Each structure stands twice: as structure tokens, then as C-alpha cells.
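An overview of the molecular structure
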Amino acid sequence: MHEEDNLTERIFNRDAFEIADQMLGSASTEPIRPNDFDPYRFLPDRDPLGSGAMGDVWLAKEEGVDRLVAIKLLRRTSEPDVWASREIKRLGALEHQLIARLYNHGVLQDGTPWLAMEYVEGESLDKYCRARSCSIRERLALFHEVCEAVQYAHLRGIIHGDLKPSNIRVTNDGQPKLLDFGLAEQFQNTDGTVTQSPAALGFTPAYASPEQFRGEPVGVYVDVYALGAILYELLAGTPLFDTSNSAYAEIERLQTSERKPDPPSAAALGSAGGVTKAEWRDLDAICLHAMESGIQRRYSSVEALIQDLDRFKSCEPVKARLPYTWSYRPAKFLRRNRVAAFVALIVVLAAAGMASFYTLRLARERDKARTEAARSQRIAEFMQDLFQGGDDEVGPAKDLKVVTILDKAVKETQALTRDPKVQADFLQSLGTVYESLGELDPADKLLRSALQLDRKIYGPDHEQVADTLLKTAVLRQDQGQLAESERLIRESLAMFQRHLPKNDPSVLSATILLGSMLEQRGAYDQAIQTLNQVLPFVSGKEGTKKGLANCIGLLANAYFYLGDNQRSDALNRQALDIDKELHGDRHPDVADDYVNLGQIQTRWGHYGEAEKYFRLALDIKRWWFGKDSPQTADIATYVGQALEYQGRDAEAEPLLKEALAVLQSANREPNTRVALALGELGKVSKDSGNLDDAEAYFKQEAETYRAVYGDQHQNTAIALSNLASVYKEKKQYARAEALFRDVIQRFTRVLPADNPNIGVARIKLGDVLCGEKRYQAAEGELLAGYGILIKQTSPQVSWLKTARDDLIAVYSALKQPEKAAKFREELAARK
Amino acid sequence: MPDTQNNSGREDDGAWLSVELIDRIYSKLRPLAARVQWRGADPALHPSSLVHEAYLKLIKSRGQGARPDNEVLGIFAHVMRQIMVDAARRNKTEKRGGGAVLPLNSDHPVSPQREAVSPEDVLTLDAAMTELRVENPRQADIIDRRFYLGMTADEVAAALGLSKTTVEREERSARTFLRNRISPGAA
């Protein structure tokens, strides 16, 4: 044997990795220079500007214009239609000083897609900071600008999807510029699913969020995470993940455990650079909050991140420091008076043939409600942790700081007696901060002091006093003192009006606040009158678009509650246009306008139209919040309901089930959204003959409403009525009869005698009695219900038909043919 | 260390490997894959993408019962071969001219006097491996893991659910097969 000569032994005695290393080392790594194409001439003797998974970037001169451009040649040849799409054109429309422009794009003859982008001379963010040994404050200033640019794009519905330091160039004069905006998303399929590998998608593991690894659709939250990772790197001076080594083991660990990564200060120790320990704690909190592995726990937008950076800069308490657990609790909120009237239930009659009703609140208000709920919840938990001590992670020492800062500020402010104007100003600001943190008692104290001081300085009748009164009015709303709040708003408004022109922003905002207050307490006519007074100014050149959107939104809601669907529809369309102009096509506010329009279509019985609007809203919310977010699930429920109304139960069911699961897991406390989904699922199950399922769903629905609104609320009764209908279907007549009688009593207690709910319930009871052949008793109920419904115009016709059919049966059985004939005639006439 | 089968019947791929093993291979393989100049149209087939995707699959499956550990090792080995072949082909066609001998790394601890491996050697072995896979997939699996991924005989035994002696016996047999294919006269 000559084994030592043998190739197999030669190879096998060596390490394959080493062989591969050497093979690669001597292989050519020169990328092939592309050929020129019009109007671009690639510069000779230049290496590519960059190479990535998506392609190489080359420097070229654009003829005619005589400017340098960066040409990106992409490696993918499939789906060339992506490059002709509307979406990519939108990227070209991104015009921001801090975002590199996309000049042009196309596909070469061989199928290579190309993009011509603004060439930015400068260094990548990390290199720039390292080369100039930027201080933490300089780094934060750069980061702040980056966030602003990202936020600008988000408001236009464009996300980056692959933010990282190397995609951020800093020019010689210190201005950051973002490259490759929106390209990552172009590789997503239109249905939102991702079929390509992560590398093909172009994201960079070290800055990619956990959901990107899971291949989920990209949304704004992805950019929030990446910004967090970039901030980490800027603060720590080193990336969170060293990608050359076992980066993925690290990421896996973070993904599977809920453990947070070590804070940036841990890596940055020694190079603190003019930042105090306390400031580090804030920066750590901001960074880690942006990098939360769960979307729901992250900053909900770049805007929120920017706000915290601003607070940091102005030494205010940082929101990220508030211990967070999932805090979406509408039920809690509903008990709060501030918005209780806002969310006053408007029950409207639902689909023909069902004695079902649905609760409707316009989405805009609902979101306010949500914000409120989140806030109060966070505060509650914060206080709890404060008193209990908590664990090491969110221990009191750290969190106490929020309060200590404020308390210190209060003390310092009280010492400012030499400069009472500033002192008054501080007292008012601090009061407002406490108010926004939900700490109403200290807020109250501070605002009282501020008001006292204002009056001493400026006299009783001054715009400064009016301003503090208005802030106090907002606090009274929080405290549930609506009447007092309204009184203060009026006082403040009158004072403003005495001193300021009627188109002054202070006058306008006080008036709009009054309008919303009136709407909250159900004085819709007055609200409309008030809002209409300022509308010309708000929509004039004095007003802001945001103010206009608010004003029109409030008007749309007021008309909706008044039942003026036509006007509400027109106003909502106006609001939609403004919101689109303000935020682009894919903003949650735009989605809310769609929801409102859908609700109006539902009222009109145009369920197909309603479905269309709800689906538009659903797409946006999915994109913005992710598919597992309760915000998204809410809209999915609406879509499910619209489908159910159209009799498309099979399509509705999976949608509703998914929504229910999300809502239930998001929020353990009973809430109306869960109830709505349960009710719809109950109807779908009943229609498809799954009576056991239907019974279970309606029982849960009733329990949920009972927990939220109380036992005597009409929604509880409606759910019980649905449940009774299931008993009837199951031929459990005795049970059905008892429950219907209970339901009718409940309705009678809370509703006017001619309310259609009562009519429907009595007909249902009559129907059950008919089934039991108790014709005498049935006659009474049927006639009573018939009498109520015959006066209604809208869609309970099918219950009228049931009543007639049953009455004919009753009179035939009772041998009263002439009465039977009468209803037979009416039946024929109504055909 | 590897659990033996769990109760869900006997699946040959059911061996659970240690996280450290996969991470060790992954962390060696990934930088190599990243250096490949990919000319394919579909970036999803870039060796980096393949390695990364396989790894992610494994991560995601952890804690969910099914463990595609062995499948992932198979992909890793496949990518490793692909990297070597791709680089060898380039070496052959590019500037040095065909058949250049690679420099030795003289402080390699295992066999200080080993001879150089040429691009042709890599390509020849790869062709032989393709035949082995057809003839005897299990032996090909063993060579994949032992040689291309540098796993120890113990690790391969655990991964494939075989005894160590079986692995060693099959490996000897595979080497004989490969030797015969590569230089038929030497047998």
C-alpha cells in the first residue's frame, strides 16, 4: 500500500475548513466591472462603493446632468415588475435632506435591476464617530437626526427595513444621510409573506429584529428595533453582536429567552464621556426599550423614541423607564369618567334577520381610549413596583428616579421666588408633566399653585391665567369632574377671547376642546354648533392641518351619533383626505377614517362596501402594528362582522377566531372587543348549525359584557337574547322561554317601551311559545312585538315576517280564520 | 449531551445534538461562506443564505419537539462542499493557471509534513463523494460529518444514532471506496 501517496489520505489528514480557507484565499475576489449604460458612465479604476447580499454599488457619472450617482446593480433577476411598480416610484418621491435620493431605476437587458441613487461622500456612521472620537452627546445628536429622517419616511408610509450604520453616511460637514431607503421592503411579496431567505431580503442580522428572523412582514417596528441596535452601538462604541463569531447563538438566546441584552453602559464603561451615571440609566432604558424583542413592548413608533430622546435632552423623565407590561386594557379605561361619555354606547340595529346589535364607537375615540388605558395602567404598575420594591431588574432605586427628579424639580421651583413668572411657568409645566404621567394629586397641587401665582402676577383676567385654567380643565377631565372641566374650559375660552383675536391658536384649541367636551357628554348639537364656529378659522390659513383633522373628526363623530349618516360620511371623507395628505396612505389615522366610513356603510346596510373599507384599514394596521397586535385584531373583527352580515360565514369564521385569540392573549381583563368577536363567532356558529359552539360563545359574550358594563346593561341582555335563540334552536323551549322573559324584563328596565330590541325579543318569545303550541300566550307576545316593529323603518323586516308566519299559525290553531287571513294578506302585500 | 430517542417512535433523525456542536460548526462555516463570490441569479442560494437559513430553522425548531439537527448538518456539509468546489474551480481557471499548489500551513498541529492539496484534488474528491452518495448514502453522511464538518467519531455516532464502532467501520469502508474511485490503480 502507498497510502501516504494517496489523495484521500492527503486530504483527509487535513482540516476541511482550512482547505476551504486556502481555496477561497487564492480565488479571485474582484467583482466584475459593469458595462456602461445610458446615461451612466462608470468611473474607471474604482472599486465598487459597496457589496452586499443584494448587489454591488458602483460610482458612475450621469451624462447630461454631470453629477455623480451611485448605481446599485441587484443580483436578482426574477420579478422585474417590482421595479416598475408604484411602490418604487414612491421611493423616488422621498425628498428629505437626510435621505439619499433615488433618481431613477430600471432593468438591464440581461434582467439585472438597477437603481440610480444620490452619491453621498462621507463615512459610515460608526466609522465617522470612531474617527472623530465623537462624544456621547455628539453621537446622540447624529442619532436624533437619523430618527427624524426615518420618522419622515414613516409618515409617508415607507419603511427602511435594513437600517444599520453602514447605511447611514455622515458627510464631511457632519450631516447624516440615509441610504437604501425602502429597498428591503420591495423584496417582500405583495401578500406580505416572505419567501426569500433573510439574506435575499437584504436585512442585516446584527440589526434585524426577532420578527425579521421569523420571516414576518416588515413594519415600522422593524426600523424601531434597528434604531435601537444602532443607538446601542453608538453608546457602547461596539456593536451588540459581533457577527464574525457566534452572533446567531447570541441572537437565538435573546429571541428564545425574554432576557434583555446587557445595557450599552456595561460595554461603554470607562468611556463615559461627560455623561453622568443617572443619565446612563436613562440612555440604557431608551436603547433597550427600542430593542424589546416583542413588538408590543417596543416603542410603538419612531416618534415615541424621538420623544424620549427629547425628554432626555430636556431632563424630563423618560417613558422607557416606566416598567412596562402589556397594558392594553380598555375595560379599565371604560370606568374612567373622562372618556366614559366619549365611549358612550351607541347601539344601532344590525343585520336583517338577526336580533343582533352591535356596539359602535368611532375608531378615533377608541384609540384615545387606548392611549388613556395604557397610560393609567403603566402608572398603576409603576406605583405598585415602587411600593413593593420589585426585583433587581425593575427595582425601586431605578424607578424612583422619575419621581425624585420631579420632586426635586418641584422643590427647586418653589425656591424660585425671586423670579415669580418663571416659577409660575415651571409650576404649570410640572403640573402638566405629572398630569401626563397620570399622577393627578401632585398635578392638582402644582396647577393650583400655578394658578394662584398667575393671578397674583397678572391679575384675575389674563391670557396666562386662561392658559393655566385650560390645563387645569384637562386635569379635571382626568379626575372625572366633567362638569367642572367644562366650566373651566368656558371660563378659559371667554378669557382668551377677551384678550386675543378670534383666530388665535389658543382660542381655537380651547374651542375645539370645548367641542370635544360637549361631544363627550352627548350634547351633540351644541358640539356641532361650537365646532362649526371655529371651522372657518381652523381650515383657513391660520389653522394647522392637525387642528383641522381634529375638528372635522369631532364633527363627523357628532353627526354619526346624531344619526346623520350622510353628513358624517362626507366629513369622514374630508378627514380621510386630510389625513392622507398629512401622513401618506398607510398611517393608522388613515385606517381609522376607513373604519369610520365602514361603520357608516354598515348602518346603511351596504355590507360589501363596509367590508372594503374595513379591509383597507386592516391592511394598514397589519402593516403598522403587525398581525398579532390587538389593534389589528379589532379591525379583523369588523371585517369578520361585515362578512357575517353578507352571509359569508365560512370566510368570517377563521378571521374572527384568529382575532379572538389575539385579543384574548393580549388582554386578560374582559373587554368589549373580545365580546364583539365572541358574539360574531356565536352567530357564525349558530348559522352553520354548531349549536354547542354557539351556546358557548354567547355565554362568554354575556359574561364579558356583564364584567365590563354590569349585569343590567343592554349589551348583556342582547348577548343573553342570542343565547336564548340557541336554546330555541336546540328545542330546549322551557329554557329559551325563561331566558327570553328575563331578557325582555332587562330591556324594559333600560330602554324606552317602543325600542325595537324589545319588539324583536317579544317576537322571539312568541316564536318559542308557538313551538310549544301555547298559542294563547304566543298571540300576546307576537302582537306586542309586531306592534313595536311595524313602526320601524329599517331592517327588522325578517322578524316581522316571523311574527306574521307565527300569528297565522296561532290563529289557525285557535280556529280564528279571519284573523289568520288578515296576516296572510299583509304578508302577501309586503312581498 | 445527546438524549437518546424520545418516545415518539424511532426516528433516525431524532438525535438531539448539543447547541455547542452546531454553533461550533456554524461559526466556522459562516465566515467562509461569506467570502464566496456568488454569481448565481438567486441570492437565496448564496452559501451564506443557505447556512444561515438552515441555522435559523434549527433555532426555531428548538423547544418544539421536532429537531432537524441532522438535516441541518446535511445542509452544512453540502454548503461546505459547494464552497470548496466553487473556490477550487475559480483557482483552476484564474490567474495562477490550473493545478497550482497551495501553500502549506507549516504549524498545523496534526500532520506537519502533509502534502499540499490542489484544486484538482478537491474537485476529484467531490466527484467521488457524489458517487459514494449514490452507492451508500449512510457512508456519505458519515464522511460529510467527519471530514467536511470536522466532527469527532463520537459526535457522528450520536448524530446519526449509530454506535461509535459502526461509524468507524463505515468510515474505513467509505475511504476505501473513495480511494478506489480517485486512483483506481492503487487498490
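It should be emphasised that the depicted structure is a prediction, and the values quoted were computed from it without experimental measurement. (Residues numbered from 1 in each chain as written. Chains lettered and ligands numbered in written order. Predicted model: local features only at pLDDT ≥ 70, side-chain atom pairs only at ≥ 80, totals over all residues. Heavy atoms only, no water.)

Attention shifts here to the overall build of chain A. A count of helices and strands for chain A gives 37 helices and 11 strands. Counting across all 831 residues of chain A, residues that qualify as buried make up 57%. Long-range pairs, those at least 24 residues apart, make up 62% of the contacts in chain A with a sequence separation of at least 6. Accessible surface, chain A as shown: approximately 34600 Å² in total, 50% of it carbon and sulfur. (Helix = DSSP H or I, 4+ residues; strand = E, 2+ residues; numbered from the N terminus. Buried < 20%, exposed > 50% of the residue type's maximum accessible area, 1.4 Å probe, protein only. Contact = heavy atoms within 4.5 Å. Areas by Shrake-Rupley, 256 points an atom, 1.4 Å probe, with all protein chains shown as cover.)

Tallying secondary structure elements over chain B gives 7 helices and 0 strands in all. Overall, chain B shows an N-to-C arrangement of helices and strands of α-α-α-α-α-α-α. Relative to its 187 residues, chain B shows a buried fraction of 49%. Summarising the internal contacts of chain B: among those between residues at least 6 apart in sequence, 60% fall at separations of at least 24. Summing over all exposed atoms, chain B offers an accessible surface of approximately 9100 Å²; the carbon and sulfur share of this is 52%.

All names here are of chain A. Cis geometry marks the peptide bond from Asp 38 to Pro 39, where omega comes out at -5°. Mapped onto the secondary structure, Pro 39 falls in the loop between helix H2 (16–26) and strand E1 (40–42). Positive phi values are uncommon outside glycine, yet Lys 731 reaches one of about 60°. Tracing the backbone through its elements, the reader meets Lys 731 in the loop between helix H32 (714–729) and helix H33 (733–750). Classification of Lys 731 by relative accessible area gives exposed; the value is 59%. Positive phi, normally seen in glycine, also occurs at Lys 815, with a value near 55°. Along the polypeptide, Lys 815 turns up in the loop between helix H36 (797–813) and helix H37 (817–830).

Glancing now at the nonpolar core. Residues and elements named next belong to chain A. With 58 residues, the main nonpolar core has Phe 143, Leu 227 and Leu 305 as its most contacted residues. Going through the elements one at a time, strand E6 (113–118), helix H4 (125–131), helix H5 (136–155), strand E8 (168–170), helix H9 (220–236), helix H12 (277–290) and helix H13 (302–313) are the ones with two or more residues in this core. Ranked by residue count, the leading element in this core is H9, at 11 residues. Here Leu 305 is in contact with Phe 143, Cys 147, Leu 227, Ile 286, Ala 290 and Tyr 299, once residues within four sequence places are set aside. (Core = buried A, V, L, I, M, F, W, Y, C linked by side-chain atoms within 4.5 Å.)

A few words now on the packing of aromatic side chains. Pairs of aromatic rings are described using the distance from one ring centre to the other and the angle between the two planes. Residues and elements named next belong to chain A. Applying the stated rule across the entire model yields 11 aromatic pairs over all chains. Between Tyr 786 and Phe 823, the aromatic rings sit 5.5 Å apart at their centres with planes inclined by 80°, giving edge-to-face as the arrangement. Pair noted here: Tyr 786 is in helix H35 (residues 775–789) and Phe 823 is in helix H37, with a separation of 37 residues, a long-range link. Here the two residues Tyr 786 and Phe 823 agree in accessibility, since each one is buried. Geometry around Phe 560 places Arg 603 over its ring, the cationic atom sitting 3.5 Å from the centre. We note Lys 822 situated over the ring of Phe 823; from NZ or CZ to the ring centre the distance is 4.7 Å. (Phe/Tyr/Trp six-rings, centres within 6.5 Å; stacked < 30°, edge-to-face > 60°. Lys NZ or Arg CZ within 6 Å of the ring centre and 35° of its normal.)

Now for the environment of Gln712(A). Residue and element names in this part refer to chain A. Structurally, Gln 712 can be placed in the loop between helix H31 (691–709) and H32. Gln 712 gets classed as partly exposed once you look at its relative accessible area, which sits at 35%. For the pair Gln 712 and Arg 749, spaced 37 residues apart in sequence, the C-alpha separation works out to 8.4 Å. If we ignore the near neighbours within four places in the chain, the residues touching Gln 712 are Arg 746, Arg 749 and Val 750. Reaching out from Gln 712, the side chain makes a polar contact with the side chain of Asp 711 at a distance of 3.1 Å. Reaching out from Gln 712, the side chain makes a polar contact with the side chain of Arg 749 at a distance of 2.9 Å. (Polar contact = N/O pair within 3.5 Å; in protein donor to acceptor, adjacent residues only side chain to side chain.)

The next subject is the pattern of salt bridges. Residues and elements named next belong to chain A. Tallied over the entire structure, the rule returns 52 salt bridges over all chains. As a salt-bridge pair, Arg 615 and Glu 611 come within 2.8 Å of each other at their nearest N and O atoms. Of this pair, Arg 615 and Glu 611 both sit in helix H27 (residues 607–625), separated by 4 residues, roughly a single helical turn. Here Arg 615 falls in the partly exposed class, since its relative accessible area comes to 32%. Using a relative accessible area of 8% as the deciding quantity, one classes Glu 611 as buried. Of the charged contacts, one joins Arg 774 and Glu 772 as a salt bridge, the two residues approaching to 3.3 Å between their closest N and O atoms. Within this structure, Glu 737, Arg 741, Arg 762, Glu 772, Arg 774 and Glu 781 form a network of salt bridges that share partners. (Salt bridge = Lys/Arg side-chain N within 4 Å of Asp/Glu carboxyl O.)

Quick look at the sheet that holds strand E9 (residues 176–178) of chain A now. Residues and elements named next belong to chain A. Strand order in the open sheet formed by 3 strands is E7-E8-E9, and the pairing between neighbours is antiparallel. Both edges of this open sheet fall to strand E7 (123–124) and E9, since each of them pairs with a single strand only. In terms of strand pairing, E7 meets E8 through 2 bridges, oriented antiparallel. Each residue of the ladder has a partner; that of Ser 124, found in E8, is Arg 169. Each of E8 and E9 is contacted by H5, which is oriented at about 35° to E9, the strand it contacts most. (Pairing = 2+ DSSP bridges. Axes fitted to C-alpha atoms, helices over the stretch in contact; angles between N-to-C directions.)

Further remarks concern the packing of helix H6 (residues 153–160) of chain B against helix H7 (residues 164–182) of chain B. Residue and element names in this part refer to chain B. Viewed as axis vectors pointing N to C, H6 and H7 meet at an angle of 105°, and their least axial separation amounts to 8 Å. Taken together, the axis directions place H6 and H7 in an arrangement best described as roughly perpendicular. Between H6, through Ala 153, Asp 154, Val 156 and Ala 157, and H7, the contact on the second element is made entirely by Lys 164, Val 167 and Glu 168. Here the residues of the contact of H6 with H7 sort into 4 nonpolar, no polar and 3 charged. (Parallel < 35°, antiparallel > 145°, perpendicular 65-115°, else oblique. Nonpolar A, V, L, I, M, F, W, Y, C, P; charged D, E, K, R; others polar.)

This paragraph deals with a negative patch on the surface. All names here are of chain A. Taken together, the side chains of Glu 145, Glu 148, Glu 303 and Asp 310 make up a negatively charged region of the molecular surface. Looking at the negative patch, the elements with two or more residues in it are H5 and H13. You can see Glu 303 is positioned in helix H13. (Patch = residues over 30% accessible without salt bridge, like charges linked within 9 Å, V, L, I, M, F, W, Y side chains within 5 Å. Lys, Arg positive; Asp, Glu negative; His and termini not counted. Charge placed at Lys NZ, Arg CZ, Asp CG, Glu CD.)

Bringing the packing of H33(A) against helix H34 (residues 756–771) of chain A into the picture now. For any two helices packed against each other, one specifies the crossing angle of their axes together with the interaxial distance. All names here are of chain A. At a minimum axis separation of 9 Å, H33 and H34 run at an interaxial angle of 160°. The orientation of H33 relative to H34 falls into the category roughly antiparallel. As for how H33 packs across H34, the hand of that crossing is left-handed. In this structure, H33 uses Tyr 733, Ala 736, Glu 737, Phe 740, Arg 741, Val 743, Ile 744, Phe 747 and Thr 748 to contact H34, whose residues at the interface are Asn 757, Ile 758, Ala 761, Arg 762, Lys 764, Leu 765, Val 768, Leu 769 and Gly 771. For the contact of H33 with H34, the residue count by class is 11 nonpolar, 3 polar and 4 charged. (Left-handed = near helix turned anticlockwise from the far one by under 90°.)

The topology assignment puts Glu62(A) in strand E3 (residues 55–62). If we ignore the near neighbours within four places in the chain, the residues touching Glu62(A) are Pro39(A), Tyr40(A), Arg67(A) and Val69(A).

Residue and element names in this part refer to chain A. Helix length check: H27 (19 residues) gives 26 Å between terminal C-alpha atoms against 27 Å at 1.5 Å per residue, within 8%. Listed as buried for H27 are Tyr 607, Ala 610, Glu 611, Tyr 613, Phe 614, Ala 617, Leu 618, Ile 620, Lys 621, Trp 623, Trp 624 and Phe 625. Gly 626 lies just past H27 and shows a positive phi near 90°. (Expected span 1.5 Å × (residues − 1).)

All names here are of chain B. Residue-level pLDDT values for chain B average 72, and 65% of them are 70 or greater. Confidence over residues 1–15 falls short of pLDDT 50; this stretch has 14 contacts with residues more than four positions distant or in other chains. The low-confidence segment residues 95–114, where pLDDT is below 50, has 31 contacts with residues more than four positions distant or belonging to other chains. Scored by ipTM, the complex comes to 0.79, with pTM at 0.45. (pLDDT = per-residue confidence, 0-100.)

It is worth spelling out the environment of Ala208(A) at this point. Residue and element names in this part refer to chain A. Here Ala 208 is to be found in the loop between helix H7 (198–201) and helix H8 (210–213). By relative accessible area, Ala 208 is classed as buried at 4%. Placed 18 residues apart in sequence, Ala 208 and Ala 226 show a C-alpha to C-alpha distance of 6.1 Å.

Attention now moves to the pairing of strand E4 (residues 67–74) of chain A. Residues and elements named next belong to chain A. Counting buried residues in E4 gives 6 out of 8 residues, a clear majority hidden from the surface. When E4 meets E6, the two strands line up antiparallel, connected through 5 bridges. Bridged to Leu 73 within E6 is Trp 114.

For the rest of this paragraph, the subject is the pairing of E6(A). All names here are of chain A. Counting buried positions over the 6 residues of E6 gives 6, a clear majority of the element. Note: strand E5 (residues 102–107) against E6, 5 bridges, orientation antiparallel. Bridging across to E6, Leu 102 finds its partner in Met 117.

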